[in-house]
Amino acid sequence: MTMRTPLKNVRYLGSAKEGTDHFWKQRVTGAANALLAAFAICLALSLIGADHATVKTTLAKPLVALPLLLFVVSASVHMRLGMQVVIEDYVHGEGAKIALVVANTFFAVAIGAAGVFSILKIAFGG
Amino acid sequence: MAEAKAERGAKAERPLSPHLQVYRLEINMVMSIIHRITGSALYFGTVIVACVLVAVATGAGTYDHVTGLLSTWLGQLVLLGYTWALLHHLAGGLRHFIWDTGHGFDLKTIDLLSWATLAFSVTGTLLVWGYALFYAGGAAP
């Protein structure tokens, strides 16, 4: 005998109502990060020892700023999902868990916003 | 009832279900643990990446200050660790992509993929830092 309702079987989203959303986003951002990290490493190597003006001019180029922007966004989402799993695995107190998961989101958004804002400022002037 | 339960629990030598401290260390398990550790390290390391980007956006003074900090031996050590963590986590992620397809689950392949992860990250780190130190000739990022 199954206790599942037909609607539950159709939706297939599980008790958290998210289905495989977390897992899938982790993989998609992971794939993006793999490509974008390779770009970021090459960029960092090309800028070794460069002065501020050179770095700024380079980062302002559309073909540099754009992948860098994507990397910051993708990495922020990826690290938020990953750290959430770590918190859920090791923190068992309900209050502490919720507080840490929210703090995790704050951290990821703060890092992402700082990166995006900085790159936009570099690219658009100021 | 509660009394009997407490007494039993205290005295009986019950078999433990297998867990981290009971298993013999396998390379697959070590790489899995390191994947999580490097992921967590990268998480906090993004503060450095954000600082560099903010510094570039702020101005030459701030940028020189931040790169100056990263040029110290401690800064270089952190960046070396960050490079390895990034490459190791990247390789671990690729390994998981292979496993996600349902392939590579026989013991031989599991061991091979696990060792390959480590080989990739160590070789990659050496190449990146070899290039940085000998070809680019600088110390700052």
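A brief look at the structure comes next. No experiment lies behind these values; they were computed from the predicted model shown.

What counts as what
Residues numbered from 1 in each chain as written. Chains lettered and ligands numbered in written order. Predicted model: local features only at pLDDT ≥ 70, side-chain atom pairs only at ≥ 80, totals over all residues. Helix = DSSP H or I, 4+ residues; strand = E, 2+ residues; numbered from the N terminus. Expected span 1.5 Å × (residues − 1). Buried ≥ 20, exposed ≤ 12 C-beta atoms within 10 Å, placed from the backbone. Contact = placed C-beta atoms within 7 Å. Core = buried A, V, L, I, M, F, W, Y, C linked by C-beta atoms within 7 Å. Nonpolar A, V, L, I, M, F, W, Y, C, P; charged D, E, K, R; others polar.

1. Details of helix H4 (residues 62-90) of chain A
No. 1: The terminal C-alpha atoms of H4(A), which comprises 29 residues, lie 42 Å apart, in line with the 42 Å expected from a rise of 1.5 Å per residue.
No. 2: Turning to H4(A), its buried residues number three or more, namely A:Leu68, A:Phe71, A:Val72, A:Ser74, A:Ala75, A:Ser76, A:His78, A:Met79, A:Arg80, A:Gly82 and A:Met83.
No. 3: The inward-facing, buried residues of H4(A) contact helix H2 (21-46), helix H3 (52-60) and helix H5 (94-124) of chain A together with helix H2 (27-58) of chain B.

2. Quick word on the nonpolar core
No. 1: With 31 residues, the main nonpolar core has A:Met79, B:Leu53, B:Val56 and B:Leu86 as its most contacted residues.
No. 2: Sorting the residues of this core by element identifies H4 and H5 of chain A together with H2, helix H3 (60-71) and helix H4 (73-100) of chain B as the ones contributing at least two each.
No. 3: If one sorts the elements of this core by residue count, H2(B) sits on top with eight residues.
No. 4: Each residue touching B:Val56, except ones within four places of it in the same chain, is listed here: A:Val55, A:Lys56, A:Leu59, A:Ser118, A:Ile122 and B:Tyr63.

3. Things to note about the interface of chain A and chain B
The accessible area lost on association of the parts is a frequent measure of interface size.
No. 1: The interface is formed by 25 residues belonging to chain A together with 26 residues belonging to chain B.
No. 2: Elements with a contribution of two residues or more to the side of chain A that touches chain B: H2, H3, H4 and H5 of chain A.
No. 3: Grouping the constituent residues of the side of chain A that touches chain B by class yields 16 nonpolar, six polar and three charged.

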